[in-house]
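Observations on the model geometry
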Amino acid sequence: MFLRNFWYVAAWDHELGPQPLGRTILGEPVVMYRTADGRPVAFEDRCCHRRAPLSLGRVVGNDLQCGYHGLVYDPEGHVIAVPGQTIAPPGARLRAYPVVERWQWIWIWMGDAAEADPAKIPNIYWHDNPEWAVVGGYLHMKCHYQLLVDNLLDLTHETFLHAKTIGNEHVARTPLAKVTRDTIADVAGSALEGCATDGRSVTAARWMIGIDPPPLYAKAGGFDKPGDKVDRWQIIRFEPPSHVWLDVGVATAGTGAPDGDRRHGITHVVVDSITPETETSTHYFWTFPRNYKVGDRGLSDFLQKGVHNTFLEDIGMLEGQQRIIDADPAAREVDINADAASIQARRAVAQLLEEEAHGRAGSRRRA
Amino acid sequence: MFLRNFWYVAAWDHELGPQPLGRTILGEPVVMYRTADGRPVAFEDRCCHRRAPLSLGRVVGNDLQCGYHGLVYDPEGHVIAVPGQTIAPPGARLRAYPVVERWQWIWIWMGDAAEADPAKIPNIYWHDNPEWAVVGGYLHMKCHYQLLVDNLLDLTHETFLHAKTIGNEHVARTPLAKVTRDTIADVAGSALEGCATDGRSVTAARWMIGIDPPPLYAKAGGFDKPGDKVDRWQIIRFEPPSHVWLDVGVATAGTGAPDGDRRHGITHVVVDSITPETETSTHYFWTFPRNYKVGDRGLSDFLQKGVHNTFLEDIGMLEGQQRIIDADPAAREVDINADAASIQARRAVAQLLEEEAHGRAGSRRRA
Amino acid sequence: MFLRNFWYVAAWDHELGPQPLGRTILGEPVVMYRTADGRPVAFEDRCCHRRAPLSLGRVVGNDLQCGYHGLVYDPEGHVIAVPGQTIAPPGARLRAYPVVERWQWIWIWMGDAAEADPAKIPNIYWHDNPEWAVVGGYLHMKCHYQLLVDNLLDLTHETFLHAKTIGNEHVARTPLAKVTRDTIADVAGSALEGCATDGRSVTAARWMIGIDPPPLYAKAGGFDKPGDKVDRWQIIRFEPPSHVWLDVGVATAGTGAPDGDRRHGITHVVVDSITPETETSTHYFWTFPRNYKVGDRGLSDFLQKGVHNTFLEDIGMLEGQQRIIDADPAAREVDINADAASIQARRAVAQLLEEEAHGRAGSRRRA
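Residues numbered from 1 in each chain as written. Chains lettered and ligands numbered in written order. Predicted model: local features only at pLDDT ≥ 70, side-chain atom pairs only at ≥ 80, totals over all residues. Heavy atoms only, no water.

**Considering the overall build of chain A**
Within chain A one finds six helices and 17 strands. Looking at chain A as a whole, 60% of its 367 residues are labelled buried. Across chain A, the fraction of contacts at a sequence separation of at least 24, relative to all contacts at a separation of at least 6, is 62%. Only carbon and sulfur atoms are counted for the fraction: they give 52% of the accessible area of chain A, which is about 13600 Å². Averaging the coordinates of the 38 positive side-chain charges in chain A and doing the same for the 47 negative ones gives two points 1 Å apart. (Helix = DSSP H or I, 4+ residues; strand = E, 2+ residues; numbered from the N terminus. Buried < 20%, exposed > 50% of the residue type's maximum accessible area, 1.4 Å probe, protein only. Contact = heavy atoms within 4.5 Å. Areas by Shrake-Rupley, 256 points an atom, 1.4 Å probe, with all protein chains shown as cover. Lys, Arg positive; Asp, Glu negative; His and termini not counted. Charge placed at Lys NZ, Arg CZ, Asp CG, Glu CD.)

So, in structure tokens, the structure goes:
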């Protein structure tokens, strides 16, 4: 069961070229393409004639032609031509999904089209702002999307799973400073301030003062001399259905980072756009914007590879969890303190699912 | 659910050698072998002792010996010897299936053996007639067999899926001239005349007059000079349960092909024997007989490869359909004009399934 | 449905090193490791926090730390540390399984821990006795464990499946001399005498007098001159839940082997410890001890490869059986004389399953 009246990332902008792209989203096969005039389009990936995948067809001008018997669909999913006959059968149309291209991504709305307000798309401004350098990628995971959300809301796993890159003992040792819901004030002063909305959000923060820098940041920020100490922060924001943004960084110890002065350090944002494919598989679109050395391509390559490899470590663990869950779905779980944010996020999602089930889909959001 | 009281192709004749062959047909594991005196035999591929696959055994004279504990089966599926004991257990026998070797193929009857009249085997006379050169093959497809029947009964897909070999725009643009049921007269004068039976059949035809020849025929028939025009025909015959024969060809434009004079052209038959493996997989036995340049091995090779590659294009599409169907089995379909023949074929099969369910299996056929 | 109140082999001793080992046993994911002080430990392979596989974690001293969020488990499966908090949540513990290291194997008890008496572990004394040379291995099979038990209790299959190594026509031709239950006297004088328990056991024996030696034994025992004849024996013992031991060998024909004088021959034991993984897959731990030429490494290599390859032949057949069973689980089976031992074994297991279901688990065993 998935939240439907929300914007999900369906693809990178560069994935939509002259060929249609098929991708399953929230369990539904979707075909996407870019019209001759450059507009992204999405509808069901199932020819209404004999259910051929339209993603095996071809783009003709602004339209999509089935690769099997040549039915032509306009960008709204209506059949506008059937080879060998002069009129299309009445009712020959597919469900079209609202899509918007923004922040280098293609966003899709799988719910009630009447509610698909582009203003509800999260503000991922770093992607289009020259003061930020952005690396990123796409990963496919054979696990329920919630496991990935949990992963990002409880960063103590860095200590154990990512000791070679971003983890050291301080993350797991340091409790979350606060976990709050529903107010934009929680990220005031952070890189997340500009993007956060005042919805069913969850915010958490962790401050690690005067610690050894973890390996990846030590190298990226030049804190790699013996004895270098840093103040490190992790400000975490979850927004339904499954967006997670992190403001993470390190600054020279004692220069005031906890109070907002991060000039003596480096700041990264981790942008996590998580889109359920099925109940047991997930699309993961991620970026890692930074606001320092933005022209340094060598650093960009180093970070792209480092983060990608870090996420591969996550995949191994998350797919392992899914295997164990499948072996005994009813086994119970025990909560720990570090779950504070993910428990709040699960509650927010459960509440919204309940509302969607009772027809109040999205009614409170942005109200 | 499959029709049972019909002959299906189970194997190529050359597949039955000194080793038993296991193949699932209509969902049932079947073992086939050739006796010492050359007769093809088929029964359940399941030793009645401990269910070892008999296809892992060996042929001993006219009998088949299980490769596990050595039980020996005669060609009728009776256990005739058990190592270490003098008599076979009463009731130790397997269901044997009537089989007939004809037209280079092994035909199997999965239904009521009492009705297994070899006279009901379709007349694929091209395979044994020296006036015809035959190429052919076997393909396995992960889709319901009906999707392949549909494919062959609506050749407009050639325009879109097979543009490199046998398709061009004229196929999809030209409506079927007629679709009829239940009379052999419909294929009078065609290469199908000799094989058609007057049963629950469906016949369709398409005539494309004065058109550009499609690539494969242009090369095969020598219609490859700039400006060459041809008259092209497709005469299509479906016979239950899942046999499709096509009389297809091209002749010099204006020489009278539509009226039956095809001396100035080339004629091919496409013989499609489709055997369900399971509800979602299919055995496809095909040949492509021609009645010109019958001694030209280079042409045979060219055609064998060309048709094989064309069918690989079909597999991609048909397996794609099956994937999409599996994702939402209840999704509805919309009919178009080009479906006229396949709709009739589906009706014929549905009617026969109904009759088999009510115990009148095959009663009308050939009656 | 599996018997639970029994010792199963879970691993070779050398498989438990500094890394945890995950293995599914009786359908349950189990993690095993060796503590710093060398003791084998096993509990559920599922972190009680968020169900990460603990087999992806690491051993820390005597404890196991989850590789995801760092929870630490003591050897009894209790959470003793949670990073970032001072006390572990009440009830945070996993089910621990009694394990014992003996006879080079790790034995696990999947049932009621209160009944896990190490004295009930079978006596595989050959593994630790310098008078015996031992080769062995591990194989994974995609079939129900009972199919492998059946295989070992009816050695007539050697004639048909293993003609290249241990089979010839005499095995299938020679009936079992006797099949008995529940008395240790049945293996008196055999190499099995020392290990057999007086429980719900089944014993069978076959004597082949004055026969040609099968290939593997001819080479191993030096009976490879033209005309060499041997007396061959197979003494077979099944003990629930799924242990099978064979005393097999050949001696110069007429030297008295049937009466117990085997000095003029060679004796092998085949030790088969069969552990269900799931309803359709099986762990197979085997050894092949011998009490002659115990220092001959070349012979050991020859036998290790020969037996391994012989068992690969079994895998092909057993997995074939499982495929055929899955295609029609309800198909019935017919018994033959050679099944006498396996039928008794199935009865013993069925009776014990009944007893476990009614709470009398193991009550009679060793009583």
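**Looking at the pattern of salt bridges**
All told, the structure shown has 60 salt bridges over all chains when counted by the stated rule. Note that Glu-239 of chain A and Arg-237 of chain A form a salt bridge whose closest N and O atoms lie 3.7 Å from each other. Grouping residues by exposure puts Glu-239 of chain A and Arg-237 of chain A together as buried. Among the charged side chains, a salt-bridge network with shared partners connects Arg-50 and Arg-51 of chain A together with Glu-333, Asp-335 and Asp-339 of chain B. (Salt bridge = Lys/Arg side-chain N within 4 Å of Asp/Glu carboxyl O.)

**A look at the sheet that holds strand β4 (residues 40-44) of chain B**
Residues and elements named next belong to chain B. A sheet is described by the order of its strands in space; here three strands give the open sequence β2-β3-β4, paired in antiparallel fashion. The open sheet has two edge strands, β2 (21-25) and β4, and neither has a second partner. Each strand of the sheet is rotated relative to its neighbour by a mean of 30°, with strand direction disregarded. Here five bridges tie strand β3 (residues 28-34) to β4, and the two strands are oriented antiparallel to one another. Bridged to Met-32 within β4 is Ala-42. (Pairing = 2+ DSSP bridges. Axes fitted to C-alpha atoms, helices over the stretch in contact; angles between N-to-C directions.)

**Examining the relation of the copies chain B and chain A**
Laying chain B over chain A is done by rotating through 120° and shifting 0.2 Å along the axis; what remains is an RMSD of 0.0 Å. With respect to symmetry, the two chain copies, as superposed, fit the operation of a three-fold axis. Relative to the rotation axis, the closest C-alpha in chain B is found at Asp-326 of chain B, a distance of 12 Å. (Least-squares fit on C-alpha atoms with pLDDT ≥ 70 in both.)

**Some details on the interface of chain C and chain B**
Chain C puts 31 residues into the contact, and the matching count from chain B is 24 residues. With both sides pooled, the region where chain C packs onto chain B buries about 2400 Å², and carbon together with sulfur makes up 57% of that total. In terms of surface lost to chain B, no three residues of chain C exceed Phe-160, Met-317 and Ile-324 of chain C, which account for 27% of the buried area on that side. Seen at the junction of chain C and chain B, the total is five salt bridges. Summed over the shared surface of chain C and chain B, the number is 15 residue pairs in polar contact (both at pLDDT 80 or more). Those elements that place two or more of their residues in the side of chain C that touches chain B are α1 (145-153), α2 (157-161), α3 (169-173) and α5 (297-327) of chain C. (Buried area = accessible area lost by both parts, 1.4 Å probe. Polar contact = N/O pair within 3.5 Å; in protein donor to acceptor, adjacent residues only side chain to side chain.)

**Let's talk about the packing of helix α1 (residues 145-153) of chain A against helix α5 (residues 297-327) of chain A**
Residues and elements named next belong to chain A. Closest axis-to-axis distance for the α1/α5 pair is 10 Å, and the angle between their directions is 130°. As summarised for this structure, α1 and α5 are arranged oblique, according to the angle between their axes. Considering only the axes of α1 and α5, their crossing is right-handed. Where α1 approaches α5, its residues Leu-147, Leu-148 and Asn-151 are matched on the opposing element by Asp-314, Leu-318, Gln-321, Gln-322 and Ile-325. Split into classes, the residues belonging to the contact of α1 with α5 amount to four nonpolar, three polar and one charged. (Parallel < 35°, antiparallel > 145°, perpendicular 65-115°, else oblique. Left-handed = near helix turned anticlockwise from the far one by under 90°. Nonpolar A, V, L, I, M, F, W, Y, C, P; charged D, E, K, R; others polar.)

**Digging into the side chain of His-49 of chain B**
With respect to the element layout, His-49 of chain B can be found in the loop between β4 and β5 (58-60). Engagement of the side chain of His-49 of chain B in a polar contact is seen with the side chain of Asp-339 of chain C, the distance being 2.7 Å. Setting aside anything within four residues of it in sequence, one finds His-49 of chain B in contact with His-69, Leu-71 and Tyr-73 of chain B together with Asp-154, Glu-333, Val-334, Ile-336 and Asp-339 of chain C.

**Focus on the packing of aromatic side chains**
Residue and element names in this part refer to chain A. Counted under the stated rule, the structure contains 39 aromatic pairs over all chains. With centroids separated by 6.4 Å and ring planes inclined at 70°, the aromatic side chains of Trp-126 and Trp-132 adopt a geometry described as edge-to-face. Looking at Trp-132, the relative accessible area reads 12%, which means it is buried. Members of the aromatic cluster, joined through ring pairs, are Trp-12, Trp-105, Trp-107, Tyr-138 and Phe-285. (Phe/Tyr/Trp six-rings, centres within 6.5 Å; stacked < 30°, edge-to-face > 60°.)

**Things to note about the interface of chain B and chain A**
Counting from both sides, the interface comprises 31 residues of chain B and, opposite them, 24 residues of chain A. In this assembly, chain B packs against chain A so that about 2400 Å² is buried in total across both faces, 56% of it on carbon and sulfur atoms. When residues of chain B are sorted by the area they lose upon contact with chain A, Phe-160, Met-317 and Ile-324 of chain B head the list and together hold 27% of the total. A salt bridge links Arg-50 of chain A to Asp-335 of chain B, with the shortest nitrogen-to-oxygen separation between them at 2.8 Å. The interface formed by chain B and chain A includes 15 residue pairs in polar contact (both at pLDDT 80 or more). Looking at the side of chain B that touches chain A, the elements that each hand over two or more residues are α1 (145-153), α2 (157-161), α3 (169-173) and α5 (297-327) of chain B.

**Let's talk about α5 of chain B**
Its 31 residues give α5 of chain B an end-to-end C-alpha distance of 45 Å, which sits within 8% of 45 Å, the value for a rise of 1.5 Å per residue. Regarding α5 of chain B, its N-cap is Asp-296 of chain B, as a side-chain oxygen of that residue lies 3.1 Å from the backbone nitrogen of Gly-298 of chain B further along. (Expected span 1.5 Å × (residues − 1).)

**Observations concerning the pairing of strand β13 (residues 202-211) of chain B**
Where a strand is regular, its side chains alternate between the two sheet faces. Residue and element names in this part refer to chain B. The element β13 is extensively covered by neighbouring structure, given that seven of its 10 residues are classed as buried. For strand β12 (residues 178-181) and β13, the ladder comprises four bridges, and the chain directions are antiparallel. Within β13, the position partnered with Arg-181 by the bridge is Val-202. Across eight bridges, the pairing between β13 and strand β14 (residues 230-239) is antiparallel.

**What about the sheet that holds strand β6 (residues 63-65) of chain B?**
All names here are of chain B. Taken in spatial order, the four strands make up an open sheet running β5-β6-β7-β8, and their pairing is antiparallel. Because the sheet does not close on itself, it has two edges, and the strands there are β5 and β8 (79-81). Where β5 lies against β6, three bridges are found, and the strand directions are antiparallel. By the bridge assignment for β6, Val-60 is matched with Asp-63.

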